[in-house]
Amino acid sequence: SGASAHMTPFRKDCINRRPTYKLIYLADGSTVMCKLIGNINIPLVAKKKELGTLILEDVLIVPNLDRRLFSVNSFLASGNN
């Protein structure tokens, strides 16, 4: 997505949750205060075999969203390709 950071509306997605206070600008022009941030572990699976785990760090927990957002820019800025 064009998001500036990884985001999820679901608190249960994240581990290692901690407080943060960031004002988020949504695509519809509204703003919302993000109060929690955490990490998400995503298992990588091919042909029913787990290959490893992708860890997304500093994922913003934004309850007002209706879907999870993956930030390509944030992913690349973290040294991934």
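Conventions we followed
- Residues numbered from 1 in each chain as written.
- Predicted model: local features only at pLDDT ≥ 70, side-chain atom pairs only at ≥ 80, totals over all residues.
- Heavy atoms only, no water.
- Helix = DSSP H or I, 4+ residues; strand = E, 2+ residues; numbered from the N terminus.
- Buried < 20%, exposed > 50% of the residue type's maximum accessible area, 1.4 Å probe, protein only.
- Contact = heavy atoms within 4.5 Å.

(A) Seen up close, unusual backbone geometry. Its identity is not glycine, yet K48 carries a phi of approximately 65 degrees, on the positive side. Residue placement: K48 occurs in the loop between β3 (31-46) and β4 (49-61). Although it is not a glycine, D58 sits at a positive phi angle of roughly 55 degrees. In this structure, D58 sits in strand β4. Look at D58 and you get partly exposed, because its relative accessible area is 40%.

(B) Expanded view of the environment of L54. With respect to the element layout, L54 can be found in strand β4. Among the residues examined, L54 registers a relative accessible area of 23% and is labelled partly exposed. Considering only alpha carbons, one finds L54 and R67, 13 residues apart in sequence, at a separation of 19 Å. Beyond its immediate stretch of four places on either side in the chain, L54 contacts I40, N41, I42, L44 and F75.

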